[in-house]
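Fold and contact review
Chain by chain, the residues run as shown.
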Amino acid sequence: MPSTCLKCYADLAQNDDILECSICKGINHYYCAGYTEHNFKKMSNNTKARFTCENCLVIKQNSPKSNNPDRKTGATLENNIQELTRSVSFMSKQFDNFNVKLDNVILELKNIKIENEKIKSENNRLSEEVVILKSKIDEIEQFNLGITVDITGIPKTIHEDCKLIVEDIGKKTNTEINILEAYRIDSIIPKRSIIVAKLATRDMRKNLIRNVKSVKLTTDKICNSWQKENIYINERLTKLKRTLFYQVKTAAKEKGYKFIWLSDADILVRKNENTKIIKIKSPQDINHL
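Quick caveat: nothing in here was measured; it's all calculated off a predicted structure. (Residues numbered from 1 in each chain as written. Predicted model: local features only at pLDDT ≥ 70, side-chain atom pairs only at ≥ 80, totals over all residues. Heavy atoms only, no water.)

**As for the overall build of the protein chain**
Rules: Helix numbering and strand numbering both begin at the N terminus, where a helix is a DSSP run of H or I of at least 4 residues and a strand a DSSP run of E of at least 2. For this measure, only C-alpha atoms enter the radius of gyration; the expected value for a globule follows 2.2 Å times N^0.38, where N is the number of residues. Note on classification: 1.4 Å probe, protein chains only; a residue is buried when its accessible area is under 20% of the maximum for its type, exposed when over 50%, partly exposed between these limits. Any two residues whose heavy atoms approach within 4.5 Å at even a single point are treated as in contact.
Within the protein chain, the secondary structure is distributed over eight helices and nine strands. For a compact globule of 289 residues, the expected C-alpha radius of gyration is about 19 Å, and the protein chain comes in at 59 Å, more than 25% above that figure. Principal-axis analysis of the C-alpha atoms places the extent of the protein chain at approximately 165 × 40 × 35 Å. Within the protein chain, the fraction of its 289 residues that count as buried is 25%. Of all intrachain contacts in the protein chain linking residues separated by at least 6 positions in sequence, the fraction that spans at least 24 positions is 49%.

Below is the structure:
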């Protein structure tokens with residue numbers, strides 16, 4: 001028999017009131033086992049014989065009969081599988097919802113692309129119509145300017161009479177003209193100041209331009225006190241035509257074109273005497289020179 005208490009490790013005397021564990025046979029003082037003297041004395045021999053110490057009680061509680069680890073592990077695994085199944089099911093639904101939303105987004109993008117193509121096509125059509133309308137308006141404006149000429153090279157004087165100056169030009173070139181109105185348009189650069197003259201007919205305009213160029217009229221022939229300068233006369237052009245004419249003159253000279261002129265507001269160029277005449281209608285035509 002053990003000679004010490006399993007709880008307090010004190011030596012046991014022959015007359016100590018003790019309890020012997022029914023499993024490990026270890027000895028405990030009754031008070032070390034947690035019993036009062038009163039309760040210990042009331043215990044029957046059968047109860048004392050079934051006494052189990054704390055150590056064996058813990059082992060018993062953790063034994064396969066009372067707590068099966070495999071069963072616990074199996075239950076935990078089953079719970080984990082169920083949780084995983086629920087998670088997979090949830091994710092699957094979320095993925096399905098995502099696919100539906102993605103399909104809707106793709107469809108919406110396709111519709112937007114189709115709509116954008118329609119808008120782009122419509123814008124191109126409208127742009128073409130605008131170009132056509134601008135061209136027609138310019139043609140109407142140019143037609144209204146059909147009896148008007150621009151005269152450059154005439155020096156500006158105080159109290160000048162532009163109509164009288166144009167009449168003198170007609171006389172010096174032996175051109176019969178009837179002037180409806182004449183006025184000067186000033187420029188920052190004095191030499192670019194022009195006199196605009198509106199004649200009665202297109203033929204008068206055409207004859208005056210031809211004759212001024214033919215005699216190579218200079219300013220001293222109009223007024224003896226003026227310094228000799230060349231006088232240039234051209235058809236009066238719309239702003240759009242003037243811009244195009246300037247672009248054509250610049251490009252044609254760079255590319256070696258010898259002749260650049262106007263005929264009834266048409267811009268014409270010719271590289272030399274042996275080449276054909278080219279009519280320029282738009283800036284795009286300049287690229288083909």
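**Topic: unusual backbone geometry**
Of note in this structure, tyrosine 9 is not a glycine but carries a positive phi near 60°. Along the chain, the position of tyrosine 9 falls in the segment before strand S1 (18–20). Judged by relative accessible area, tyrosine 9 falls into the exposed class, the value being 64%. At alanine 265, a residue that is not glycine, the phi angle is positive and equals roughly 70°.

**Brief notes about the nonpolar core**
Across soluble globular proteins, nonpolar side chains have a tendency to be buried as a group. Put simply, the rule reads: Put simply, a nonpolar core is a bunch of buried Ala, Val, Leu, Ile, Met, Phe, Trp, Tyr and Cys residues held in one set by side-chain atoms that sit within 4.5 Å of each other.
In terms of nonpolar packing, the biggest core is built from 21 residues, with Ile151, Ile154 and Ile169 touching the most fellow members. Taken together, the elements giving at least two residues each to this core come down to strand S3 (148–152), helix H5 (162–172), strand S5 (194–199) and helix H6 (202–215). Beyond its immediate chain neighbours, meaning those up to four positions away, isoleucine 154 contacts Ile165, Ile169, Arg184, Ile195, Thr219, Trp226 and Ile231. Counting residues in hydrophobic clusters, the runner-up holds 14 residues, among them Tyr257, Ala265, Ile286 and Leu289.

**Brief notes about the UniProt feature "domain: FP protein C-terminal" (unreviewed entry) in the protein chain**
Let me state the cut-off plainly: UniProt positions are given in the numbering used here, feature names are shortened, and annotations may be inferred rather than shown by experiment.
Under the UniProt annotation, the feature "domain: FP protein C-terminal" (unreviewed entry) is placed at residues 238–289. Here residues 238–289 runs as 38% helix and 25% strand, with 23 Å between its end C-alpha atoms.

**Quick word on the pairing of S3**
To keep it simple, the criterion reads: Strand pairing is assigned whenever DSSP detects at least two bridges linking the two strands.
Burial of S3 is extensive: four of the five residues sit out of reach of the surface. Sheet analysis places S3 next to S5, joined by five bridges and oriented antiparallel. Paired with isoleucine 151 across the strands is isoleucine 195, a residue of S5. Relative to strand S6 (residues 232–235), S3 is paired through four bridges, and the arrangement is antiparallel. Looking across to S6, one finds that aspartate 150 is bridged to asparagine 234.

**Brief notes about the side chain of glutamate 160**
What counts is decided by this rule: Polar contacts, as used here, are pairs of N or O atoms within 3.5 Å; protein pairs need one atom able to donate a hydrogen and one able to accept it. Residues neighboring in sequence count only if both atoms are side-chain atoms.
Locating glutamate 160 in the fold gives a position in the loop between S3 and H5. For glutamate 160, the side chain forms a polar contact with the side chain of arginine 184, separated by 2.5 Å. In contact with glutamate 160, not counting residues within four places along its chain, are Pro155, Ile165 and Arg184.

**Focus: the sheet that holds S3**
This is how it is decided: Angles here are taken between N-to-C directions and fall from 0 to 180 degrees, while the axes themselves are lines fitted to C-alpha atoms, restricted in helices to the stretch in contact.
In space, the four strands of this open sheet follow the order S4-S5-S3-S6, with antiparallel pairing throughout. The sheet is open, and its two borders are formed by strand S4 (179–185) and S6, each paired with just one other strand. Each neighbouring strand pair of the sheet contributes to a mean axis angle of 20°, computed without reference to strand direction. Where S4 lies against S5, six bridges are found, and the strand directions are antiparallel. Opposite tyrosine 183, over in S5, you have valine 196 as the bridge partner. Most of the contacts of H5 go to S4, to which it runs at about 115°, and overall it touches S3, S4 and S5. Against the sheet, H6 engages S3, S5 and S6, with an angle of about 150° to S6.

**Looking at the state of the cysteines**
Covalently bonding the sulfur atom of one cysteine to the sulfur atom of another cysteine gives a disulfide. Put simply, the rule reads: Two cysteine sulfur atoms form a disulfide, by the criterion used here, when they sit within 2.5 Å.
Considering all chains together, one arrives at zero disulfides under this definition. Looking at cysteine 56, it has no disulfide partner, and the nearest cysteine sulfur is the one in cysteine 53, 3.5 Å off. The thiol of cysteine 162 is not disulfide-bonded; the next cysteine sulfur, from cysteine 223, is found 14 Å away.

**Re the environment of leucine 289**
Here leucine 289 is to be found in the segment after helix H8 (283–286). Judged by relative accessible area, which is 18%, leucine 289 ranks as buried. Spatially, the C-alpha atoms of leucine 289 and isoleucine 278 are 8.5 Å apart, while their sequence positions differ by 11 residues. With residues up to four places along the chain from it excluded, the contact list for leucine 289 reads Ala252, Lys255, Tyr257, Val269, Ile278 and Ile280.

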